[in-house]
Amino acid sequence: GVDFREYQGTAPLSLWAVVGECTCVIPFLLAPWMPLAKQRFAFVDVASIHQVDEDMKERGIYGLGGFLKASKELRILWSPPYLTRLWCVFELAAYRMANPAGKIVLQPLFV
């Protein structure tokens, strides 16, 4: 075999190497300004509303209406006991009141 560690010359830069590098680097640099994908944001109540500190929990609950009103869709991660929890029923009713035209999607947690 050939030992390249002792090679002292220069290798010519091929056209394909330049084109390949530009093809990979340019989209990466322009990605923030490319409207290829819709941005989606999610508000996860159990993660966004403090579950222990009562003062922070109260502030989170009072702010919930703004999130529900601005939302286009309420996606419910549904399981059989979902509607037995008062908090879940409240959240569903609050969404319907705050956003009457909003879409409600039930996504089962099981298959």
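Look up a bit, the structure's there.
Criteria and thresholds
Residues numbered from 1 in each chain as written. Predicted model: local features only at pLDDT ≥ 70, side-chain atom pairs only at ≥ 80, totals over all residues. Heavy atoms only, no water. Phe/Tyr/Trp six-rings, centres within 6.5 Å; stacked < 30°, edge-to-face > 60°. Helix = DSSP H or I, 4+ residues; strand = E, 2+ residues; numbered from the N terminus. Axes fitted to C-alpha atoms, helices over the stretch in contact; angles between N-to-C directions. Parallel < 35°, antiparallel > 145°, perpendicular 65-115°, else oblique. Left-handed = near helix turned anticlockwise from the far one by under 90°. Contact = heavy atoms within 4.5 Å. Nonpolar A, V, L, I, M, F, W, Y, C, P; charged D, E, K, R; others polar. Expected span 1.5 Å × (residues − 1). Buried < 20%, exposed > 50% of the residue type's maximum accessible area, 1.4 Å probe, protein only. Arc of directions from axis to C-beta.

Colleague: Any details on the packing of aromatic side chains? Residues and values, ideally.
Modeller: All chains considered together, the criterion is met by 1 aromatic pair. For the ring pair W87 and F90, a centre distance of 5.6 Å and an interplane angle of 35 degrees mean the geometry is tilted. Placement of both W87 and F90 in helix 4 (residues 86-98) is noted, with a separation of 3 residues, approximately one turn of the helix.

Colleague: Before we move on, could you go through the packing of helix 3 (residues 54-70) against helix 4 and cite the residues and values that matter?
Modeller: At their nearest, the axes of helix 3 and helix 4 sit 9 Å apart, and the two run at 45 degrees to each other. Taken together, helix 3 and helix 4 sit at an angle that is classed as oblique. Judged by the sense of rotation from one axis to the other, the crossing of helix 3 with helix 4 is right-handed. Listed contacts from helix 4 to I61, L64, G65, L68 and K69 of helix 3 are W87, F90, E91, A94, Y95 and A98. Here the residues of the contact of helix 3 with helix 4 are counted per class, giving 8 nonpolar, 1 polar and 2 charged.

Colleague: Explain helix 4 to me, using residue names and the numbers behind them.
Modeller: The end-to-end C-alpha separation of helix 4 is 18 Å, in line with the 18 Å expected for 13 residues at 1.5 Å each. All buried positions along helix 4 are accounted for by C88, E91 and Y95. With its buried residues spanning 60 degrees around the axis, helix 4 presents them on a single face. For helix 4, the exposed residues set more than 90 degrees away from the buried face come down to L86 and M97.

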